[in-house]
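Observations on the three-dimensional arrangement
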Amino acid sequence: MEIDVSLLLYDEYNCPVFVMNDYHAKNFMALFMALQPIAFQRNWGAIKLRFSDELVRDVNVWSRRLLDHLQDNVKTIKAPFEVQAFVKSGDKSAYDFRRLRTTRKLRESDIKPLADYLDGAATSENCCERVLREDGLNRYFMHYWDHIENIASDNNPARITEVKQPLYYAAGFSPPPGSDLNAAGINFDDFGCLLNNLEEKIKGISDPLLYIGKALSTAALHDEDASLASLNLLISGSNKAWIVYSGAFVFDLLEYLKTVPLNLADKSCSNALHHKTFITNPDCMPPSFHVPYQKILQRPGEFVLTFYCSAHQVSNLGDNLAVARNLADENWVPFGLYSQVSEGCTCIALRAAQEADATPHPPCPASLKGVAECSVAAWTSFAGI
């Protein structure tokens, strides 16, 4: 598939946007492969995708049907809510990030039921959406960082009771049986990509996960497992705000993080982004920081496609529901083979043993490396080597 670069649009925040028609949706992997070189040439870590006007109505009908299905099956859904805590580092360019388990009592008393999330999404405007509407995306980020600074602790909390002002987040859950995840031809259950070669399904990687956001809840800075690409569709509710760093500069980003006065030892790990234990504020980076980054506003009905090796973090402006999973073509193989992530990380397991209250991100499944190794011949042929 060839793409006329002149057809790429830019939204009001200078984020590249590609508008998909029916042909693009039904040939999504071909579209992905065509967008990759454009993104790498321009140092984009991500791009937004929208449906053309003729597909928007179909997608709206699909999303309403999915929400109804989730409502009907709400008692069968196990959404792993977390308490999120932030720790001051002495430098406002980064904060330590903690994900703590919730107790049964907290689940019942302090967290809105899942049904309320689904039923009440986008019914009222909160402070985040109001700031965005009145002053734009940059002012929202200022509002977000001011809030993080106010609620951040001076020391790493070991228990939920030590958190100043907890934020709750549903970190991802499997769709209930019978969920239709085919959005106008883009089928999250089957992209027809390289990950179909996996012998077993892996949640969030080859199988999609649903995510429930709450105002100011955050997905910490990370790259995808084994440096894969990812596709995130905001189904309904409030907007999401992304900070995405170009994958071509990921090692420069890691080197910079080693200089920030973060409290955690994770920053010295060669696979630090996989820990998901810090967030960054690029507006407070020193002039010497030269890693290209994007600020992206994702509205309901829009996709964010992140490319190989890109590092990203996400905050939610209110209650919302999204679906996401990974994808890859043969071009991913060299990234997967040499990714620090696919080699595993011993200090994640060590930290889990030391901190019983923490919820560590699991190491990347070894089977992903097997996919990469098995696909070397296909990649070699594809690259013409």
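Throughout, a residue's number is its position along its own chain's written sequence, starting from 1. With pLDDT at 70 or above as the cut-off, local features in this predicted model cover only qualifying residues; side-chain atom pairs require 80 or more to be listed or tallied, and sums for whole chains, interfaces and linings still use all residues. Derived side-chain values reflect all non-hydrogen atoms in the structure, with water molecules and hydrogen atoms excluded from consideration.

You'll find the protein chain entered in an unreviewed UniProt entry as Lysine-specific demethylase 4C-like isoform X2, with Thrips palmi given as the organism.

1. Structural notes on the overall build of the protein chain
Note the threshold: Working definition: helices are DSSP H or I runs of at least four residues, strands are E runs of at least two. Numbering for both runs from the N terminus. Burial classes: relative accessible area under 20% of the type maximum marks a residue as buried, over 50% as exposed, and values in between as partly exposed (1.4 Å probe, protein chains only). Here, residues are in contact when the closest pair of their heavy atoms is within 4.5 Å. Throughout, the Shrake-Rupley method with a 1.4 Å probe supplies accessible areas, and for residues the shown protein chains are the sole cover considered.
Across its full length, the protein chain carries 12 helices and 17 strands. Buried residues in the protein chain amount to 56% of all 385 residues. Of all intrachain contacts in the protein chain linking residues separated by at least 6 positions in sequence, the fraction that spans at least 24 positions is 85%. When the accessible area of the protein chain is evaluated, it comes to approximately 16500 Å², of which 50% is carbon and sulfur surface.

2. Observations regarding the packing of aromatic side chains
The condition is simple: Stacked, tilted and edge-to-face are the three classes assigned to paired rings of Phe, Tyr and Trp, where Trp is represented by its six-membered ring and a pair needs centres within 6.5 Å; plane angles under 30 degrees give stacked, over 60 edge-to-face, the rest tilted.
This structure, assessed with the given rule, holds 17 aromatic pairs. A ring pair is formed by Phe32 and Phe307, whose centres lie 6.2 Å apart and whose planes are at 10°; its orientation type is stacked. Taken together, the positions of Phe32 in helix α2 (residues 28–41) and Phe307 in the loop between β15 (303–306) and β16 (311–316) put the pair 275 residues apart, joining distant regions of the chain. Pairing Phe40 with Phe335 gives two aromatic rings, centres 6.2 Å apart and planes at 15°, and the pair type is stacked. Of this pair, Phe40 sits in helix α2 while Phe335 sits in helix α9 (residues 333–338), and the two are 295 residues apart along the sequence.

3. Some words on the pattern of salt bridges
Threshold: Salt bridge, as used here: a side-chain nitrogen of Lys or Arg that lies within 4 Å of a carboxyl oxygen of Asp or Glu.
Applying the stated criterion to the full structure yields 11 salt bridges. Ionic pairing is found between Lys48 and Glu302, a salt bridge with its closest N-O pair at 3.1 Å. Of this pair, Lys48 sits in strand β3 (residues 46–51) while Glu302 sits in the loop between β14 (293–298) and β15; the two residues are 254 residues apart in sequence, bridging distant segments of the chain. This pair shows no difference in class: Lys48 is buried, exactly as Glu302 is. For the salt bridge of Glu149 with Lys88, the shortest nitrogen-to-oxygen distance reads 3.8 Å. In this pair, Glu149 sits in helix α7 (residues 137–151) while Lys88 sits in the loop between β4 (81–87) and β5 (94–101), placing the two residues 61 residues apart along the sequence.

4. Brief notes about the confidence of the model for the protein chain
Under the convention used in this document: Each residue carries a pLDDT value, the predictor's own confidence for that position, ranging from 0 to 100.
For the protein chain, the average pLDDT comes to 80, and 76% of its residues sit at 70 or higher. A low-confidence stretch, residues 352–364 stays under pLDDT 50, and its non-local contacts, those more than four residues away or across chains, total 28 contacts. Segment residues 377–385 is flagged for pLDDT under 50; beyond a separation of four residues in sequence, or across chains, it makes 10 contacts in the model.

5. Observations regarding the packing of helix α6 (residues 127–135) against α7
As a reminder of what qualifies: Angles run from 0 to 180 degrees between N-to-C directions of axes, and those axes are lines fitted to C-alpha atoms, restricted for helices to the stretch in contact. Crossing handedness is defined as follows: a turn of the near helix away from the far one that is anticlockwise and smaller than a right angle gives a left-handed crossing, while the clockwise case is right-handed. Here the term charged refers only to Asp, Glu, Lys and Arg, the term nonpolar to Ala, Val, Leu, Ile, Met, Phe, Trp, Tyr, Cys and Pro, and the term polar to all other amino acids, Gly among them.
Packing of α6 against α7 leaves a shortest axis separation of 7 Å and a crossing angle of 145°. Considering how the two elements wind past one another, α6 and α7 form a crossing that is right-handed. Two secondary-structure elements touch here, α6 through Cys127, Cys128, Val131, Leu132 and Asp135 and α7 through Leu137, Arg139, Tyr140 and His143. Of the residues in the contact of α6 with α7, the class split is 6 nonpolar, 1 polar and 2 charged.

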